[in-house]
Amino acid sequence: MEHQEIEIIEFQPEGYKPLVDFGQWRVAVLKFCDDLKLENIKTMQKHLETDEVFVLIRGNCTLFLGKDGDTPEDIHRVHMEPGKIYNIKKGVWHNHIMDEGTEVLIVENRNTCDDNSPIIPLNAQQLAQLNA
């Protein structure tokens, strides 16, 4: 039965996918894929125009955060817990790893894109911080 009052959207099998864009905001889901294994994390990203909200739906996800600046400094881990909202502030370098079966809900500005979200490769010292 179709209802015009509600839009029901199913999640994709893996990776990142925007699900709802409305006004100034976007809701997306991120599901485990091989790119999100620790050994495959080689970069960090920051958003110049928006905070980004993460909510763990199921599984295990660890955020890596580096201070705001030209490069990620003092990288540290935050293990996400279900039922908590993690708001990564505008300008903070970040990335994340996931276990298989993990799903994370993401809320961000609708105009978040590569043009306003630089990605930087990590050097050997920064990669060592991720693996510590």
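Everything below is about the structure printed above this text.
So, how was this worked out
- Residues numbered from 1 in each chain as written.
- Predicted model: local features only at pLDDT ≥ 70, side-chain atom pairs only at ≥ 80, totals over all residues.
- Heavy atoms only, no water.
- Buried < 20%, exposed > 50% of the residue type's maximum accessible area, 1.4 Å probe, protein only.
- Helix = DSSP H or I, 4+ residues; strand = E, 2+ residues; numbered from the N terminus.
- Pairing = 2+ DSSP bridges.
- 1 Å grid on protein atoms, 1.4 Å probe; cavity = no way out; pocket = protein on both sides within 12 Å on 5 of 7 lines; lining within 4 Å.
- Points joined across faces, edges and corners; volume = space filled by probe spheres on them.
- Nonpolar A, V, L, I, M, F, W, Y, C, P; charged D, E, K, R; others polar.
- Polar contact = N/O pair within 3.5 Å; in protein donor to acceptor, adjacent residues only side chain to side chain.
- Contact = heavy atoms within 4.5 Å.
- Salt bridge = Lys/Arg side-chain N within 4 Å of Asp/Glu carboxyl O.

Take the pairing of strand 8 (residues 93-98) next. Most of strand 8 is tucked away: 6 of the 6 residues are buried. Going residue by residue along strand 8, you find Trp 93, Asn 95 and Ile 97 tucked away on one face and His 94, His 96 and Met 98 tucked away on the opposite face as well. Here strand 5 (residues 61-67) runs beside strand 8; their pairing, made up of 6 bridges, is antiparallel. Among the inter-strand pairings, Leu 65 is bridged to a residue of strand 8, identified as His 94.

It is worth spelling out the layout of surface pockets at this point. Approximately 490 Å³ is the volume found for the largest pocket. The wall of the largest pocket is formed by 24 residues, among which Tyr 16, Leu 30, Gln 45, Glu 52 and His 96 lie closest to the centre. The set of elements that each furnish at least two residues to the lining of the largest pocket consists of strand 1 (15-22), strand 2 (25-31), strand 3 (43-45), strand 4 (52-58), strand 8 and strand 9 (103-109). Considering only residue class, the lining of the largest pocket consists of 10 nonpolar, 9 polar and 5 charged.

Within the secondary structure layout, Ser 117 lies in the loop between strand 9 and strand 10 (119-121). Overall, the relative accessible area of 2% leaves Ser 117 in the buried class. Among the polar contacts listed, one links the side chain of Ser 117 to the backbone oxygen of Cys 113, at a separation of 3.0 Å. There is a polar contact of 3.2 Å between the side chain of Ser 117 and the side chain of Asn 116. In contact with Ser 117, not counting residues within four places along its chain, are Gln 45, Lys 46, His 47 and Thr 112.

Using the criterion set out here, one finds 7 salt bridges in the structure. Between Arg 26 and Glu 108 there is a salt bridge; the shortest N-O distance is 3.3 Å. A residue pair is termed long-range when its members are at least 10 positions apart, and Arg 26 in strand 2 and Glu 108 in strand 9 qualify at 82 residues. The burial state of Arg 26 is the same as that of Glu 108; both residues are buried. Between Asp 34 and Lys 37 there is a salt bridge whose closest N-O contact spans 3.5 Å. Classification of Lys 37 by relative accessible area gives partly exposed; the value is 29%.

Glancing now at the environment of Lys 89. Relative to the elements of secondary structure, Lys 89 occurs in the loop between strand 7 (85-88) and strand 8. Lys 89 gets classed as exposed once you look at its relative accessible area, which sits at 51%. In this structure the C-alpha to C-alpha distance between Lys 89 and His 47, which are 42 residues apart in sequence, comes to 8.4 Å.

Across the 7 residues that make up strand 5, a large majority, 6, are buried. Pairing of strand 5 with strand 6 (residues 73-79) involves 5 bridges; the strand directions are antiparallel. Bridge pairing in strand 6 links Phe 64 to Arg 77.

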